[in-house]
There are 2 protein chains.
Amino acid sequence: MPLVDLSHPLTTGMPVYPGDPEVTFAPALTVAADGVAVERLDLGSHSGTHLDAPAHSIPGGRTVDRIPLELLWGPARVLRAVAPAAGGLLGIADVAGSGGASGASGPAASADALASASPDPLPAALLSALPDALPGIVCIATGWDAHFGGPLAERHPAVSLTLAEALWARGARVLAVDTLSPDLTVGGSGMPVHEFWLGNDGVIVENLTGLDAVPDEFELSLLPLRLAGIDGSPVRAVARFA
Amino acid sequence: MPLVDLSHPLTTGMPVYPGDPEVTFAPALTVAADGVAVERLDLGSHSGTHLDAPAHSIPGGRTVDRIPLELLWGPARVLRAVAPAAGGLLGIADVAGSGGASGASGPAASADALASASPDPLPAALLSALPDALPGIVCIATGWDAHFGGPLAERHPAVSLTLAEALWARGARVLAVDTLSPDLTVGGSGMPVHEFWLGNDGVIVENLTGLDAVPDEFELSLLPLRLAGIDGSPVRAVARFA
């Protein structure tokens, strides 16, 4: 079965989230001098493609080594945002095309409407356009991974609280995005999706890449390092499908 | 399906291979001061349960980011060493019990005989006691993971070149052990198994733990971080079985 790497490479000096530790790799031992090569790795727990444990933003929240492995290796569903705008909030209509029926209104207009409407009741037509049940892992594909490290990286689209709540209600427990964050990095106020998702003991994965190369449904491995007591971990995100 | 973690926890000050960088984790950001917790991770590329890419000991060898993912996520087979001795070399008879027929001679005696005989022709009876074909990933269970960080850790049993050659000939390409190394860490001469296995573009995984909790055949995920140009990577080794 084909395997597709959904992870950004980790390299010295790679882009990191504003304020996070830099990534630096340097030789500790070399084959020429020591018979073996060993590298010293200095990086933040949220470098590159990585996982946010609840402890990332919730005091007393679950750390990465305590997340049940079953959450992080299993069926996944991609919801693909249609024409997401820089700095825009994605509503249900923006991703509902992946679920079958199309929303009645254009994605940009509906995104604004839904974002501002949250937490008001949602239009039934939009809710019904999402799959009734989602697997434990849902990936939101915006295509913004193409901007990773570029000037538009921080002006990524984000997930509205309304959409996050609808995904959770349908069974998603791992929210994976191809942007720096499911919340706005610039121009937003607070981290409402982090607060909601991690506050409910869910898991967030950030900086996926390459979701255009996988079908809407596939198997996904997002296993983090077993970092005892730590708030997150880089992961090798790999998709498998028939 | 049950998932079983085959990885040691990664913690500040944990045991490392002699000469490797120490493992140190320290807060970079905290929820109280910064709104989010982010940890600075400083560790060697061969910390804890980890993968050796060919570049670990072979000049110009393949780096960890260039290993086909298909090698590292798939069927695995455990071969269980019977009563391995501290500092002893495991021959075919020592693990052949996992393959069905038992060797004619006792494990300790045969181990010594085979180790010293390599690379001479192998007794046909012992060869036939190994499975005819092995999956891509073979795990050698010695139980020495119980000594991880203890006084006997470095006096682990090791894989004889004879056994390594036999495993390779039967299709194994990932050699995973529950010790610090498939080669002797103390008392040996050189790293014959590393030279052979990595020299043939195979992959070694070291410091598995918990192989007594999995059946002889299972699915194993050993996906490394996508560390560009690096000689190895910590991994979260996870077994899945029906």
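The structure this text deals with has already been given above.
Thresholds applied
- Residues numbered from 1 in each chain as written.
- Chains lettered and ligands numbered in written order.
- Predicted model: local features only at pLDDT ≥ 70, side-chain atom pairs only at ≥ 80, totals over all residues.
- Heavy atoms only, no water.
- Contact = heavy atoms within 4.5 Å.
- Buried area = accessible area lost by both parts, 1.4 Å probe.
- Salt bridge = Lys/Arg side-chain N within 4 Å of Asp/Glu carboxyl O.
- Helix = DSSP H or I, 4+ residues; strand = E, 2+ residues; numbered from the N terminus.
- Nonpolar A, V, L, I, M, F, W, Y, C, P; charged D, E, K, R; others polar.
- Pairing = 2+ DSSP bridges.
- Axes fitted to C-alpha atoms, helices over the stretch in contact; angles between N-to-C directions.
- Buried < 20%, exposed > 50% of the residue type's maximum accessible area, 1.4 Å probe, protein only.
- Least-squares fit on C-alpha atoms with pLDDT ≥ 70 in both.
- 1 Å grid on protein atoms, 1.4 Å probe; cavity = no way out; pocket = protein on both sides within 12 Å on 5 of 7 lines; lining within 4 Å.
- Points joined across faces, edges and corners; volume = space filled by probe spheres on them.
- Core = buried A, V, L, I, M, F, W, Y, C linked by side-chain atoms within 4.5 Å.
- Polar contact = N/O pair within 3.5 Å; in protein donor to acceptor, adjacent residues only side chain to side chain.

Moving on: the interface of chain A and chain B. At the interface, 50 residues of chain A touch 50 residues of chain B. For the chain A and chain B pair, buried surface summed over both sides reaches about 4700 Å², with 64% attributable to carbon and sulfur atoms. When the buried surface of chain A facing chain B is broken down by residue, Trp73, Arg226 and Arg236 of chain A rank first, second and third, together holding 18% of it. Our enumeration of links across chain A and chain B arrives at 4 salt bridges. The closest approach of N and O atoms between Glu219 of chain B and Arg240 of chain A, which form a salt bridge, is 2.5 Å. Taken together, the elements giving at least two residues each to the side of chain A that touches chain B come down to strand 1 (3-5), strand 2 (24-29), strand 3 (38-44), strand 11 (217-221) and strand 13 (238-240) of chain A. The element best represented in the side of chain A that touches chain B is strand 3 of chain A, accounting for 7 residues. Split by residue class, the side of chain A that touches chain B holds 27 nonpolar, 11 polar and 12 charged. Bridge analysis of strand 3 of chain A against strand 3 (residues 38-44) of chain B gives 5 bridges, and the strand direction is antiparallel.

All names here are of chain A. With respect to topology, 9 strands assemble into an open sheet ordered 1-13-11-5-7-9-10-4-12, the strand pairing being mixed. The two strands at the open ends of the sheet, each matched to only one other strand, are strand 1 and strand 12 (232-234). Taken over all neighbouring pairs, the strand axes of this sheet differ in orientation by 25° on average, direction set aside. Judged from the 5 bridges that link them, strand 5 (residues 73-80) and strand 11 form a sheet pairing that is antiparallel. Bridging across to strand 11, Trp73 finds its partner in Ser221. Sheet contacts for helix 6 (residues 192-199): strand 4 (50-52), strand 9 (174-177) and strand 10 (203-206); angle to strand 10, the most-contacted strand, approximately 135°.

Turning next to the pattern of salt bridges. Using the criterion set out here, one finds 14 salt bridges over all chains in the structure. A salt bridge links Asp5 of chain B to Arg236 of chain B; the nearest nitrogen and oxygen atoms lie 2.9 Å apart. Of this pair, Asp5 of chain B sits in strand 1 (residues 3-5) while Arg236 of chain B sits in the loop between strand 12 (232-234) and strand 13 (238-240), placing them 231 residues apart in sequence. We classify Arg236 of chain B as buried; its relative accessible area is 4%. One connected set of salt bridges, linked through shared partners, spans Glu219 and Arg240 of chain A together with Glu219 and Arg240 of chain B.

Right, let's talk about the pairing of strand 3 of chain B for a bit. All names here are of chain B. Counting buried positions along strand 3 gives 5 out of 7 residues, so the element sits mostly inside the fold. Here strand 2 (residues 24-29) runs beside strand 3; their pairing, made up of 5 bridges, is antiparallel. By the bridge assignment for strand 3, Thr24 is matched with Asp42.

Right, let's talk about the relation of the copies chain A and chain B for a bit. Rotating chain A by 180° about the axis while translating it 0.0 Å along that axis superimposes it on chain B, leaving an RMSD of 0.0 Å. Considering both components of the superposition, the chain copies are consistent with a two-fold axis. Across chain A, the smallest distance between a C-alpha and the rotation axis is recorded for Asp42 of chain A, namely 2.2 Å. When the interface residues of chain A are mapped onto chain B, 100% of them again fall at the interface, so both copies present the same face.

Below, the discussion takes up the environment of Ile230 of chain A. Within the secondary structure, Ile230 of chain A sits in the loop between strand 11 and strand 12. Ile230 of chain A sits in the buried class, given a relative accessible area of 4%. Note: C-alpha distance between Ile230 of chain A and His56 of chain A (174 residues apart in sequence) is 8.4 Å. Apart from the residues within four sequence positions on either side, Ile230 of chain A is in contact with Ser45, Ala53, Thr63, Val64 and Asp65 of chain A together with Phe25, Glu39 and Leu41 of chain B.

Let us look at empty space enclosed by the protein. By rolling a water-sized probe across the atoms, one finds the places where empty space is left. Counting across every chain of the model gives 6 cavities of 30 Å³ or more. Of the volumes computed, that of the largest cavity is approximately 80 Å³. Taken together, Ser221, Leu223, Pro224, Leu225, Pro234 and Arg236 of chain A together with Ser221, Leu223, Pro224, Leu225, Val235 and Arg236 of chain B make up the full set of residues lining the largest cavity. Among the residues forming the lining of the largest cavity, the class breakdown is 8 nonpolar, 2 polar and 2 charged.

In this section: the sheet that holds strand 12 of chain B. Residues and elements named next belong to chain B. Pairing in this open sheet of 9 strands is mixed, and the strands run 1-13-11-5-7-9-10-4-12 from one edge to the other. One side of each edge strand has no neighbouring strand; the edge strands of this open sheet are strand 1 and strand 12. The sheet shows a mean angle of 25° between the axes of neighbouring strands, direction not considered. Note that strand 1 and strand 13 share 3 bridges and pair antiparallel. When the bridges of strand 13 are listed, Asp5 appears paired with Val238. Strands in contact with helix 6 (residues 192-199) are strand 4 (50-52), strand 9 (174-177) and strand 10 (203-206); relative to strand 10, the strand with the most contacts, it is inclined by about 135°.

This part takes up the nonpolar core. Core analysis: the largest hydrophobic core is formed by 80 residues, its most contacted members being Leu6 and Phe218 of chain A together with Leu6 and Phe218 of chain B. Those residues within four positions of Leu6 of chain B in sequence are excluded, and the remaining contacts are Thr49, Asn207, Leu208, Thr209, Gly210, Leu211, Val214, Phe218, Leu220, Ala237 and Ala239 of chain B.

Our next topic: unusual backbone geometry. Negative phi characterises most residues that are not glycine, and trans characterises most peptide bonds. A positive phi is found at Asn207 of chain A, a non-glycine position, where the angle reads about 65°. The residue Asn207 of chain A is located in the loop between strand 10 and strand 11 in this model. The backbone of Asp201 of chain B shows a phi angle near 70°, a positive value even though the residue is not glycine. The residue Asp201 of chain B is located in the loop between helix 6 and strand 10 in this model.

Within helix 5 (residues 161-169) of chain A the residues assigned to the buried category are Thr162, Leu163, Ala164, Ala166, Leu167 and Trp168 of chain A. Looking one or two places after helix 5 of chain A, you find Gly171 of chain A, whose phi comes out positive at around 110°.

Turning next to the side chain of Ser181 of chain A. Residue and element names in this part refer to chain A. Looking at where Ser181 falls in the secondary structure, it is placed in the loop between strand 9 and helix 6. There is a polar contact of 2.9 Å between the side chain of Ser181 and the backbone nitrogen of Asp183. When residues no more than four places from it in sequence are discounted, the contact partners of Ser181 are Tyr17, His156, Pro157, His194 and Glu206.

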